[in-house]
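# Examining the three-dimensional arrangement
One-letter residues, chain by chain:
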Amino acid sequence: MALDVIVNISEMSTTGAVGFGIPLVIVSKSAKAVPYTECTELSEVEKLFGAETEIYNIAKLIWGQKNKSKSIAFYASTNDAETAVNEVIHNDWRQLIVVFGEDDTKTAADVSEYIETTNDKMYFVTVSEMNELTTLSDKERTVAFYYDLKDSNGKLVAPNAVAAIVGESAGRDAGSFTYKNLIISGLAPLEITENQLNGIHETGAITLLRKAGDVVTSEGKNTQGDYIDIVDSKDWIIKQIGYQSQKLLNASEKLPYTNQGIAALENVTKNVLQEAYNNGMIATGDDDATALYNVNFKSRSEMSEADRKNRIYSGGNFDFTLAGAIHTAHINGELVI
């Protein structure tokens, strides 16, 4: 989607309402092509692919979660996975799952590299062998889910188990949750040692554990080692400011190059950041009442003559502090006898 508004954001680390897209399941090297279709119930998926298919099982696992999305998009291509993703890259989806056809020479690493070139997509992939993780490491937009449970015949129980994480997260507001300790339905936890868990985390993956009686995700990071909710928050804010600013331009017979026109653009940015704060993305100050974001749009007189002549406004600036989340707590007690 081409917009007249370009939003750039840089990430600064410190020490110490349009939707956000829906899940997309792609089948590569499919014997039958299926156009991009958004489904809202399993019967629709069954008509497209049949009930005894991996696609059906993925849809069932996504919709089996508490915070599931209302819709899931599906697409089957006779081409390889990377080409298939490119064919639907401009559709409004967010979380990608790929079912690779038997004849596909492309791999999860190829899809991961491609998704890395986008600015609003995420790739969720299941891995069952530790050596697979090395090809997916250090990616901002890839989430690797290690799940190796097999049945009595040695067959993977859920080759696309990551669908459960997609299902539990896709229906939530971006930035309002962390991907660690998501309660998952329909999958058994792994029974692993602390050393095995550390090895999974160190290679950039997350897995499924039982904690306090619940089956939950073990961590909330991408393969780069950054928290997924940070990527979600950043993408959401960029998309919303761009989208809402474009809507302002569309609704205006002419947005004047005046301080009044600039103020209208500034208000769009303020409103988006306030909504981000309301959704839990942006932190508060020590008083727990002041949202930690700033917006500064230069006045008309501060813009260059060339920019005014070419009808380009480049004087808008904003910054914000992410709220973060508590993933681990250390609570000290004292026993008095």
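Residue positions are given per chain, counting from 1 as you read along its sequence in written order. Where totals are concerned, whole chains, interfaces and linings use all residues; where local detail is concerned, this predicted model gives features only for residues with pLDDT of at least 70, and gives and counts side-chain atom pairs only at 80 or more. Based on all heavy atoms of the structure, the side-chain values leave hydrogens and waters out of the count.

### Focus on the overall build of the protein
- Numbering of helices and strands runs from the N terminus; a helix is a DSSP stretch of H or I covering at least four residues, while a strand is a stretch of E covering at least two. If you tally the helices and strands in the protein, you get nine helices and eleven strands.
- Whereas a compact globule of 337 residues would reach a radius of gyration of roughly 20 Å, the protein reaches 22 Å, a difference of no more than 12%.
- The principal-axis extent of the C-alpha atoms belonging to the protein is close to 75 × 75 × 35 Å.
- Only protein chains enter the accessibility calculation, which uses a 1.4 Å probe; a residue whose area is less than 20% of its type maximum is buried, one above 50% is exposed, and one in between is partly exposed. Relative to its 337 residues, the protein shows a buried fraction of 45%.
- Shrake-Rupley sampling with a 1.4 Å probe provides the accessible areas, and residues are treated as covered by the protein chains on show and by no other component. Carbon and sulfur atoms make up 46% of the accessible area of the protein, which amounts to about 18,200 Å² in all.
- In this tally, Asp and Glu contribute negative charge and Lys and Arg positive charge; neither His nor the terminal groups of the chain are included. Just so you know, the charge point we use is NZ for Lys, CZ for Arg, CG for Asp and CD for Glu. Between the mean site of the 29 positive side-chain charges and the mean site of the 47 negative ones, the protein shows a separation of 6 Å. Radius of gyration here is computed from C-alpha atoms only, and the compact-globule reference equals 2.2 Å multiplied by the residue count raised to the power 0.38.

### With respect to the sheet that holds strand β4 (residues 93–99)
- As summarised here, the arrangement of the seven strands in space is β2-β3-β1-β4-β5-β6-β7, forming an open sheet in which the pairing is mixed. Unpaired on one side and paired on the other, β2 (34–39) and β7 (205–206) mark the two borders of the sheet.
- When DSSP locates at least two bridges between a pair of strands, those strands are taken to pair. With five bridges connecting them, strand β1 (residues 22–27) and β4 associate as parallel partners. Each residue of the ladder has a partner; that of V27, found in β4, is V99.
- Set on the sheet, helix α7 (residues 228–251) makes contact with β4, β5 (122–127) and β6 (142–146); between it and β4 the angle comes to about 130°. Here, residues are in contact when the closest pair of their heavy atoms is within 4.5 Å. Whenever a helix is involved, its axis is fitted only over the stretch in contact; in every case the axis is a line through C-alpha atoms, and angles between N-to-C directions fall within 0 to 180 degrees.

### Brief notes about the packing of helix α1 (residues 42–49) against helix α2 (residues 54–63)
- Contact geometry for α1 and α2: axes closest at 9 Å, N-to-C directions at 165°. As the angle between them shows, α1 and α2 are arranged roughly antiparallel. Where α1 crosses over α2, the two elements pack in a sense that is right-handed. Of α2, the residues touching α1 (which contributes L42, V45, E46 and F49) are I55, Y56, A59, K60 and W63. Our angle categories are set so that under 35 degrees counts as roughly parallel, over 145 as roughly antiparallel, 65 to 115 as roughly perpendicular, and the remainder as oblique. It is the rotation of the near helix from the far one that decides the hand of a crossing: anticlockwise by less than a right angle makes it left-handed, clockwise makes it right-handed.

### Quick look at the pairing of β5
- Within β5, six of the six residues are buried, which leaves it mostly tucked inside the rest of the structure.
- Of the two faces of β5, the one holding M122, F124 and T126 and the one holding Y123, V125 and V127 are both buried throughout.
- Following the chain from β4 across helix α4 (residues 108–115) to the adjacent parallel β5, one finds a crossover that is right-handed.
- Pairing geometry for β5 and β6, over five bridges, is parallel. Paired with Y123 across the two strands is T142, which belongs to β6. Consider the strands pointing away from the viewer: the crossover is right-handed when the path from the first strand over the helix to the second runs clockwise.

### Remarks on the packing of α2 against helix α5 (residues 163–170)
- Direction vectors running N to C along α2 and α5 enclose 40°, while the axes themselves pass 7 Å from each other. In terms of orientation, α2 lies oblique with respect to α5. Read as a crossing pair, α2 and α5 show a hand that is right-handed. Residues I58, L61 and I62 of α2 touch α5, and the partners they reach there are A163, A164, V166 and G167.
- Polar here means any residue other than Ala, Val, Leu, Ile, Met, Phe, Trp, Tyr, Cys and Pro, which are nonpolar, and Asp, Glu, Lys and Arg, which are charged; Gly is therefore polar. In terms of residue class, the contact of α2 with α5 is made up of six nonpolar, one polar and no charged.

Functional significance is not addressed by these values, which are geometric in nature.
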